[in-house]
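Spelled out, the chains give:
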Amino acid sequence: MTRPPFELEKPVIDEFGAPRDGEPQVSNERLFMQMLVFTGCEDTLAVAEAVSGAGFEAVIYEDIHDPKGIGLLTFHRDPTYFVSNVRNLLRREPMNALTLRPEYSMLGRTYALGHEADLDHYLFKRPRHTALNPDWPWAIWYPLRRRGTFTQLPADEQRKILMEHAKIGMAYAESDYVHDIRLASHGLDPNDNDFVIGLVGRELAPLSKIVEKMRSTTQTAQYLEKLGPFFVGRAAWRSQL
């Protein structure tokens, strides 16, 4: 193979956290999470029994906008799991009687920004705990896509914009109003979205309030191309922590 007349930069696909005891935190794994939404569910309990018997961790939400609608959240480090274990479940009764609503399908991966004090907790334990916490039954899930102009901003300007957004999220989490799951979905979404966001909490109103509050941030007001559709539901069943 002929070498190119220029030096190629080796791709970096690992996730990095802040150094710990002088050593870098590095992971070549991340948690993949998938949300599938269905209608035509006559018996949520029967679905819960089928999912429970499948032997993997999941959350079943009842759709607030559809009396026969449910959302199924599953997650695993290996994406093959979704086209094997989850796929097999969906092709059997009672799941095969449901109608998939593909416009609400979401798939993303956890990611690190490079300053996480505990990389393993951030990539794996935190999103799992957030999804399965029985004290936080309400959820809003949605995808989003940023404008290309955001990625062309200087790194310092990007950090400033993201910090404005993050401070709101941290304030709501500190008050136990809203806890979030943030996933990257670049190349994983049929509609070319960049991220999947899950907001969970004790009550529904604070989840709506934080979405409203975020509207005024620079990121949302100036640099979002697309937001939604929004799935709103309450957990009817979930795996135990």
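The structure presented is a predicted model; accordingly, all values stated were derived computationally and were not measured.

Peer 1: For this particular structure, what's the right way to read helix H6 (residues 204–214)?
Peer 2: Count 3.6 residues to each turn of an α-helix, and residues three or four apart come out pointing the same way. Along H6, the residues that are buried comprise Pro206, Leu207, Ile210, Val211 and Met214. One face of H6 carries all of its buried residues, which in axial projection span an arc of 145 degrees. Seen from the open side of H6, the exposed residues pointing more than 90 degrees away from its buried face are Ala205 and Glu212. Contact partners of the buried residues in H6: strand S8 (138–146), helix H5 (155–174), strand S10 (195–201) and helix H7 (218–223).

Peer 1: Honestly, H5 in this entry has me stumped. Any pointers?
Peer 2: Here H5 contains 20 residues, and its C-alpha end-to-end distance of 27 Å stays within 8% of the 28 Å for a straight helix at 1.5 Å per residue. Looking only at H5, the buried set comprises Gln158, Ile161, His165, Ile168 and Tyr172. Where H5 is buried, its residues contact helix H4 (148–151), H6 and H7. Trailing H5 by a residue or two, aspartate 176 shows a phi angle of about 60 degrees, which is positive.

Peer 1: Any chance you could explain the packing of aromatic side chains here in plain terms?
Peer 2: The way to describe two aromatic rings as a pair is by their centre distance and the angle between their planes. This structure, assessed with the given rule, holds seven aromatic pairs. On the numbers, 5.1 Å between centres and 80 degrees between planes, the contact of tyrosine 81 with phenylalanine 82 is edge-to-face. Each of the two residues, tyrosine 81 as well as phenylalanine 82, counts as buried. Look at tyrosine 111 and phenylalanine 195: their rings are 5.9 Å apart centre to centre, the planes differ by 50 degrees, and that puts the pair in the tilted class. Residue tyrosine 111 is found in the loop between strand S7 (106–109) and helix H3 (119–132), and its partner phenylalanine 195 is found in strand S10; the two are separated by 84 residues along the sequence. Three or more aromatic residues joined by ring pairs form one cluster here, namely Phe56, Tyr81 and Phe82.

Peer 1: Please clarify how the nonpolar core should be interpreted in this entry.
Peer 2: The nonpolar side chains of soluble globular proteins are, as a tendency, buried together. If you look at the biggest cluster of nonpolar residues, it comprises 26 residues, and the most contacted ones within it are Met33, Met35, Tyr61, Leu73, Trp141 and Phe231. Listed by contribution, the elements that provide at least two residues to this core are strand S3 (32–39), strand S4 (58–63), strand S5 (70–76), H3, S8, strand S9 (179–184), S10 and strand S12 (231–238). Tallying contributions element by element places H3 first for this core, with six residues. Ignoring anything within four residues of it in the chain, the contact list for leucine 73 reads Met33, Gln34, Met35, Glu57, Ala58, Val59, Tyr61, Ala131 and Trp141. Residues Val51, Phe56, Tyr81 and Val86 belong to the second largest nonpolar core, which totals 19 residues.

Peer 1: Looking at this structure, how should I read the environment of alanine 139?
Peer 2: With respect to the helices, strands and loops of the structure, alanine 139 is situated in strand S8. C-alpha separation for the pair alanine 139 and arginine 91, spaced 48 residues apart in sequence, amounts to 26 Å. Residues in contact with alanine 139, not counting those within four places in the same chain, are Tyr61, Leu199, Val200, Leu207, Phe231, Val232 and Gly233.

Thresholds, definitions, all that
All residue numbers refer to positions counted from 1 along the written sequence of the respective chain. Local features are withheld for residues below a pLDDT of 70 in this predicted model, meaning they are given only at 70 or higher, and side-chain atom pairs are given and counted only at 80 or more; totals for whole chains, interfaces and linings count all residues. For side-chain calculations, the full set of non-hydrogen atoms in the structure is used, while hydrogens and water are omitted. Here's how the labels work: a residue is buried when its accessible area is under 20% of the maximum for its type, exposed when over 50%, partly exposed in between, all with a 1.4 Å probe on protein chains only. Under the DSSP-based scheme used, a helix requires at least four consecutive residues in state H or I and a strand at least two consecutive residues in state E, with every element numbered from the N terminus. Directions are taken from the helix axis to each C-beta atom, and the arc is the one they span. Any two residues whose heavy atoms approach within 4.5 Å at even a single point are treated as in contact. Multiply 1.5 Å by the residue count of a helix minus one, and that product is the helix's expected span. Geometry of aromatic contacts follows a simple scheme: Phe, Tyr and Trp rings, the Trp one being its six-membered ring, pair when their centres are within 6.5 Å, and the pair is stacked under 30 degrees between planes, edge-to-face over 60, tilted otherwise. In plain words, nonpolar cores are sets of buried Ala, Val, Leu, Ile, Met, Phe, Trp, Tyr and Cys residues tied together by side-chain atoms within 4.5 Å.

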